[in-house]
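Each chain, letter by letter, is given below.
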Amino acid sequence: MKVTTLICCSLLVFFGLCAAVFALTGFDFLLFVTAGNAIAYRAILSLAGVSALWLLFWLIAFRPTKFLS
């Protein structure tokens, strides 16, 4: 469970960095990595959605911020 959460967090950070590079320079790193293959590009982007849903589930189920207040 912990390893899955760490993988999802690292994937979302990677996608965020790729989005920042695209926003600042106009260079789409994910499209470059997939060599312009639209199916692979969409498959990699779907990982971002799955990672976000996993982290949402983890935050709701385990409430790691419960003791911060």
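No experiment lies behind these values; they were computed from the predicted model shown.

Caption draft 1: Examining the side chain of Ser51 more closely. Tracing the sequence through the fold places Ser51 in helix H3 (residues 38-62). If we ignore the near neighbours within four places in the chain, the residues touching Ser51 are Cys8, Leu11 and Leu12.

Caption draft 2: Main features of the packing of aromatic side chains. Tallied over the entire structure, the rule returns five aromatic pairs. An angle of 75° between the planes, with centres 6.3 Å apart, marks the rings of Phe14 and Phe29 as edge-to-face. With Phe14 in helix H1 (residues 2-25) and Phe29 in helix H2 (residues 29-33), this pair connects stretches of sequence that are 15 residues apart. Note on Phe29: relative accessible area 31%, which makes it partly exposed. Judged by centre distance (5.6 Å) and plane angle (50°), the rings of Phe27 and Phe32 are tilted.

Caption draft 3: Local environment of H1. In this model, H1 (24 residues) spans 35 Å end to end at C-alpha, consistent with the 34 Å of a helix rising 1.5 Å per residue. For H1, the complete set of buried residues consists of Thr5, Cys8, Phe15 and Cys18. Close packing links the buried residues of H1 with H2 and H3. Just past H1, the residue Gly26 takes up positive phi, approximately 85°.

Caption draft 4: Seen up close, the environment of Arg42. Locating Arg42 in the fold gives a position in helix H3. Residue classification places Arg42 among the exposed positions, given a relative accessible area of 65%.

Caption draft 5: Seen up close, H3. Look at H3: 36 Å from first C-alpha to last across 25 residues, which is about the 36 Å you get at 1.5 Å a residue. Buried residues along H3 sit in contact with H1. Two or three places before Ile39, at the start of H3, stands the capping residue Asn37, its side-chain oxygen 3.2 Å from that residue's backbone nitrogen. Count one or two residues on from H3 and you reach Arg63, which has phi positive near 45°.

Reading guide: rules and limits
- Residues numbered from 1 in each chain as written.
- Predicted model: local features only at pLDDT ≥ 70, side-chain atom pairs only at ≥ 80, totals over all residues.
- Heavy atoms only, no water.
- Helix = DSSP H or I, 4+ residues; strand = E, 2+ residues; numbered from the N terminus.
- Contact = heavy atoms within 4.5 Å.
- Phe/Tyr/Trp six-rings, centres within 6.5 Å; stacked < 30°, edge-to-face > 60°.
- Buried < 20%, exposed > 50% of the residue type's maximum accessible area, 1.4 Å probe, protein only.
- Expected span 1.5 Å × (residues − 1).
- Polar contact = N/O pair within 3.5 Å; in protein donor to acceptor, adjacent residues only side chain to side chain.

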